[in-house]
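Here is what each chain is made of, one letter per residue.
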Amino acid sequence: MAHSVVAGDPPGRAPGRLKVYLGAAPGVGKTYRMLDEGRRRAARGTDVVVALAECHGRPRTLEMLHGLEAVPTARRTHQGVERAELDVAAVLARRPAIALVDELARANVPGGRNAQRWQDVAELLAAGIDVVTTVNIQHLESLNDVVREITGVPEAATVPDAIVRRADQIELVDISPEGLRRRLAHGNVCEPGGIDAALAHRFRIGNLTALRELALLWLAGRVDEALQRYRTEHGIGRVWETRERVVVALTGGPEGETLIRRAVRIADRAAGGRTPGTGRARDVLAVHVVRSNGRIDVPPGALVQQRQLVESLGGTFHTVVGDHVPTALLEFARAENATQLVVGVSRRGRLTRLLTGPGVGETTVEHSGDIDVHMVTHERSGHGRLLASAPGGGLPLVRKVAGPVAGLVLPLLLTAVLANTRGHLNLTSEALLFLLTVVGVACFGGVVSALLASVTASVLLNYWFIPPFGRFTIGDTNNALATVVFAVVAVTVAAIVDRSLRLSRRAARATAEAETLSSLAGDVLRGDQAVPLLLERTREVFGMDSAELTAAGEPVTGEEPPPVTVPIGADARLVLRGRDLAASERRVLTAFAAHLTAAVDHARLAEAAAEIEPVKAADRMRTAVSHDLRTPLASGWAAVSSLRSSDVDFSAEDREELLATADESMARLNRLVDNLLDMSRLQAGALTFRPVPTALCEVLPLALDSLPEDRAPVLAPELEGAPDVLADAPLLERVLANLVGNAVRYAPVGKPVLVTASSLAGRVELRVADRGPGLPAADRERVFEAFQRMGDTDNSTGLGLGLALSRGLTEAMGGTLVPEDTPGGGLTMVLSLPAATAPEHAAA
């Protein structure tokens, strides 16, 4: 969080500490707990002041203020109501050790020092003042949409999650939903006039239970982050079973979906294993180990489909590099503090397991230690290839030992068999059988075993089957040639087999590297913060303890093992700490570094573009204002100049037309200037309002009088029966004129604009519906931006301030303005304002 610089702060002053009392809903007792802590600290001699406490008239909370020093608050008027605001300057001048500031997410009255209260708190922290504050879970920015779906009430005031996450302490103030409803019913949360409505809507048992779960799970996530930091800082590698976290190992094989769903079910049965509000499994981490020899029998796109399945079920997908799969799996699981590991039963058959030794699952179980390993059966168990590739990229130890033995034993066994059948086969058949044996040994044991087999077979063939028998001589030139050819063929076949294995491993390694980089690119494309994401992915893929960017000249010494460094551009480098990397891993790391270099350059360009954008926006605004103001000015000026000219004798009709042009131009110019002035006052918070009970049926005719007479018809049935709204009548008239004027402009010929009103829960909704072309969903918010006309080319439409000003005026009066689709086609603008007869609720 960026802190503001306060004049007079001593250089290098440490920032203050932040403590947050987090609640699930208004009324749980956050303010009471904050003041109670202030009293306890003050009793111990700490300099504590109450910078702002919003007690909402609750007697027990007001009692907690006794004995605490309070800094005078700033009084500001908003919508005709005077509000107490945090006086940052007064607190900085008093400079206490601890300041108590209530309602961190509250928006300040326009025109103050900062727009949001959390920005005020940031200034106090930057000045070295400790702050104790309060916030409700529904005010966190990341959960705002989830809360809106649960309660049906949008929260206008939010605080960025990063502000609360950086707090040194977060303490949950918890109460059961039933207890909170009793507190509400006793009048300890809001005023009596709003109790029934609150119990029936926002404070329903279901709403409160869901909000409570959100608060508990969000805080649990922050506790887990703190635990991971502690484990990393203290080098703790063993698993702490604080909660169940399931890792599922994926190879890309057809059994992947079975393993994923089993892992999800295991996580579902564990405590806290569901994502709030979605019912999807959480704490499920799917991991794929990229080996130096790649994968076997992985159909193209299989891992992509499995990744999509994991993420659709609420889990996460990870890729790590490791030559020994069981070790890589266990290291990843321990780094993530996982308690359970799900692996599939081997797809290899019995003969393969006999020849190549224990598989990944068996080895993982043997070295799992404190991690529970689930060996899951599936329909592909035991149906793999006869001879699978070795985990390490070369021949397994069993084949390396068995190959030479086979090169000696198999020719001897073949000799014994052929000796007993002497006379039934000729020399050519016997030589071919020996050659087949040598080729088999070459395929199984490699070139060394093939050479040994070829020598053994040549000697035995010469001694037992080439005349003269029983002697190492060859009497026939053809037999000598056959023996030489036999040896050459055996060695050639063995060399070809060995080369094929090497090329296969090289191709598989390239495939694995490409797959890793493809996965990396996909992650980057899905994220907005490319550089932090790339650093985390790099740390994760290579199994390192940390990954960070440092300045190129910053020394990195005194560590064991020494960190791995890679240049990132001309003035930075990537530093990885944790272990040494093999040459093949460093090649992949170079590709990661290239991605990271591009991401850093992109971030710098984006930052530069962000700095330029305000200048471009201001230039566009000046261009639009200049053009649209000059048009009516030029028309009016031309008309007046023509009338003053003595060179032309105008008729009465011409004179009247020129006067009408001048009058229309000046009226239009006056409207444009009024809009600009109101917009500037609105943005500066200097526009004054006088909200009074206002009848919609009285304001709408005045708004229609300002529209052209040849406009589309406007129908307003039963508007006289609508409740009065609390609004500033002249400003509401301007809002309605803009909304209706925009609607009639796009209404087709013969299609009237319909204006209706309805009331619900203390608010009145006015709907202005047209049958025009409508508005795409992507442009719903852009239409409220100032100085744009959504592609219009008609300059007579004005500055493009109408809807922007309408929304600003509406929100200033405590209302909302949102667009909706008109049933059957068209656009409906929904204007919501507080009803004049609605009970006044105390702020929660």
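Residues numbered from 1 in each chain as written. Predicted model: local features only at pLDDT ≥ 70, side-chain atom pairs only at ≥ 80, totals over all residues. Heavy atoms only, no water.

Right, let's get into the overall build of the chain. Looking only at helices and strands, the chain has 23 helices and 23 strands in total. In the chain, which comprises 844 residues, the share counted as buried stands at 43%. The long-range fraction of contacts in the chain, counting pairs at least 24 apart against all pairs at least 6 apart in sequence, stands at 70%. Counting only carbon and sulfur atoms, one obtains 56% of the accessible surface of the chain, whose full area is about 42,400 Å². (Helix = DSSP H or I, 4+ residues; strand = E, 2+ residues; numbered from the N terminus. Buried < 20%, exposed > 50% of the residue type's maximum accessible area, 1.4 Å probe, protein only. Contact = heavy atoms within 4.5 Å. Areas by Shrake-Rupley, 256 points an atom, 1.4 Å probe, with all protein chains shown as cover.)

As a further point, take the side chain of Asn114. Note on placement: Asn114 falls in the loop between strand 6 (98–101) and helix 4 (117–126). Polar contacts involving the side chain of Asn114 include one to the side chain of Glu123, which spans 2.9 Å. Excluding anything up to four places from it in sequence, Asn114 contacts Asn108, Gln119, Asp120 and Glu123. (Polar contact = N/O pair within 3.5 Å; in protein donor to acceptor, adjacent residues only side chain to side chain.)

As summarised here, the arrangement of the five strands in space is 18-20-21-23-22, forming an open sheet in which the pairing is mixed. Taken across any chain shown, the strands that pair with only one partner, and hence form the sheet edges, are strand 18 (714–715) and strand 22 (816–821). Across six bridges, strand 22 lies against strand 23 (residues 827–834) in antiparallel orientation. Paired with Leu817 across the bridge in strand 23 is Leu831. Packing of helix 22 (residues 729–746) onto the sheet brings it into contact with strand 18, strand 20 (753–760), strand 21 (763–769), strand 22 and strand 23, and relative to strand 23 it is tilted by some 170°. (Pairing = 2+ DSSP bridges. Axes fitted to C-alpha atoms, helices over the stretch in contact; angles between N-to-C directions.)

Taken as a whole, the chain shows an average pLDDT of 75; of its residues, 72% reach a score of 70 or greater. Note that residues 1–12 has pLDDT below 50 and, in this model, 18 contacts with residues that lie over four places away or in other chains. (pLDDT = per-residue confidence, 0-100.)

Taken as a whole and assessed by the stated rule, the structure comprises 17 salt bridges. Residue Glu37 is joined to Lys19 by a salt bridge in which the shortest nitrogen-to-oxygen separation is 2.8 Å. A residue pair is termed long-range when its members are at least 10 positions apart, and Glu37 in helix 1 (residues 30–43) and Lys19 in strand 1 (residues 18–23) qualify at 18 residues. Judged on exposure class, the residue Glu37 and its partner Lys19 are both buried. Through salt bridges with shared partners, a single network forms among Lys19, Arg33, Glu37, Arg41 and Glu171. (Salt bridge = Lys/Arg side-chain N within 4 Å of Asp/Glu carboxyl O.)

Before going further, it helps to examine empty space enclosed by the protein. If you walk through the whole model with that rule in mind, you get seven cavities of 30 Å³ or more. Looking at the second largest cavity, its volume works out to about 70 Å³. In this structure, the second largest cavity is lined by twelve residues; those nearest its centre are Gly27, Lys30, Thr31, Arg58 and Glu103. In terms of residue class, the lining of the second largest cavity is built from three nonpolar, five polar and four charged. (1 Å grid on protein atoms, 1.4 Å probe; cavity = no way out; pocket = protein on both sides within 12 Å on 5 of 7 lines; lining within 4 Å. Points joined across faces, edges and corners; volume = space filled by probe spheres on them. Nonpolar A, V, L, I, M, F, W, Y, C, P; charged D, E, K, R; others polar.)

Before going further, it helps to examine helix 12 (residues 325–335). An α-helical turn contains 3.6 residues, so a residue and the one three or four places further along point in the same direction. Regarding helix 12, the residues found buried are Val325, Pro326, Ala328, Leu329, Leu330, Phe332 and Ala333. Following helix 12 by one or two positions, Asn337 adopts a phi angle in the positive range, close to 55°.

Turning our attention to the packing of helix 10 (residues 256–269) against helix 11 (residues 302–312). Helix 11 packs onto helix 10 with a crossing angle of 15° between their chain directions and a minimal axis gap of 10 Å. In terms of orientation, helix 10 lies roughly parallel with respect to helix 11. Helix-helix and strand crossings are classified by hand; for helix 10 and helix 11 the assignment is right-handed. Within the contact between the two elements, helix 10 uses Gly256, Glu257, Ile260 and Arg261 and helix 11 uses Gln306, Leu309 and Val310. Each residue belonging to the contact of helix 10 with helix 11 can be placed in one class, and the counts come to three nonpolar, two polar and two charged. (Parallel < 35°, antiparallel > 145°, perpendicular 65-115°, else oblique. Left-handed = near helix turned anticlockwise from the far one by under 90°.)

Relative to strand 21, strand 20 runs antiparallel, the two being bridged by seven bridges. By the bridge assignment, Leu760 is partnered in strand 21 with Arg763. Counted between consecutive antiparallel strands, the loop separating strand 20 from strand 21 contains two residues, among which Ala761 sits at a positive phi close to 55°. The pairing of strand 21 with strand 23 spans seven bridges and is classified as antiparallel. Residue pairing in the sheet places Glu765 in a bridge with Ser832 of strand 23.

The subject of this paragraph is the nonpolar core. Among the nonpolar cores identified, the biggest contains 59 residues, and Leu100, Leu124, Ile137 and Val159 are the most heavily contacted of them. In terms of residue count, the dominant contributor to this core is helix 9 (residues 205–233) (six residues). Excluding anything up to four places from it in sequence, Ile137 contacts Leu22, Gly23, Ala24, Leu143, Leu211, Leu214, Ala215 and Trp218. Residues Leu696, Ala703, Val735 and Leu809 belong to the second largest nonpolar core, which totals 40 residues. (Core = buried A, V, L, I, M, F, W, Y, C linked by side-chain atoms within 4.5 Å.)

With respect to the secondary-structure elements, Thr550 resides in strand 14 (residues 546–551). We classify Thr550 as buried; its relative accessible area is 8%.

Next up on the list: the sheet that holds strand 8 (residues 169–173). The six strands are arranged 3-2-6-7-1-8 in an open sheet whose pairing can be described as parallel. Two strands close off the open sheet at either side, each with one partner strand: strand 3 (69–70) and strand 8. Summarising the sheet, strand 1 and strand 8 pair through five bridges and their orientation is parallel. Counterpart to Lys19 in the pairing with strand 8 is Gln169. Each of strand 1, strand 2 (48–52), strand 6, strand 7 (130–136) and strand 8 is contacted by helix 1, which is oriented at about 145° to strand 1, the strand it contacts most.

Next up on the list: the environment of Glu657. Note that Glu657 resides in helix 20 (residues 652–684). Overall, Glu657 belongs to the exposed group, its relative accessible area being 54%. Between the C-alpha atoms of Glu657 and Ala639, which are 18 residues apart in sequence, the distance is 8.9 Å.

A cluster of basic residues, Arg261, Arg262, Arg265 and Arg269, forms a positive patch on the protein surface. On the basis of relative accessibility, which here comes to 64%, the residue Arg269 falls in the exposed class. (Patch = residues over 30% accessible without salt bridge, like charges linked within 9 Å, V, L, I, M, F, W, Y side chains within 5 Å. Lys, Arg positive; Asp, Glu negative; His and termini not counted. Charge placed at Lys NZ, Arg CZ, Asp CG, Glu CD.)

With that out of the way, let us pick up helix 16 (residues 427–465). Between its first and last C-alpha, helix 16 extends only 7 Å over 39 residues, short of the 57 Å set by a 1.5 Å rise per residue. Most pronounced at Gly446, the bend in helix 16 amounts to some 145°. By the N-cap criterion, in which a side-chain oxygen at the helix start approaches the backbone nitrogen of a residue two or three places on, helix 16 is capped by Asn426, the distance to Ser429 being 2.9 Å. (Expected span 1.5 Å × (residues − 1). Bend = angle between axes of the 7 residues up to and from the residue.)

In this section: a nonpolar patch on the surface. On the surface, Val401, Val405, Leu408, Val409, Leu410 and Leu413 cluster together into a nonpolar patch covering about 490 Å² of accessible area. Along the chain, Leu413 falls in helix 15 (residues 397–419).

Of note in this structure, Arg95 is not a glycine but carries a positive phi near 45°. Locating Arg95 in the fold gives a position in the loop between helix 3 (88–94) and strand 6. In this structure, Glu103 takes a positive phi of about 55° despite not being glycine. Checked against the element boundaries, Glu103 lands in the loop between strand 6 and helix 4.

On to the packing of helix 21 (residues 696–705) against helix 22, then. Where helix 21 contacts helix 22, the axes come no closer than 8 Å and their chain directions differ by 60°. Judged by the inter-axis angle, helix 21 sits oblique to helix 22. In this structure, helix 21 meets helix 22 at a crossing whose hand is right-handed. Touching Leu696, Val699, Leu700, Leu702, Ala703 and Leu704 of helix 21 are Ala729, Leu732, Glu733, Leu736, Ala737 and Val740, all from helix 22. When the residues that make up the contact of helix 21 with helix 22 are grouped by side-chain class, the tally is eleven nonpolar, no polar and one charged.

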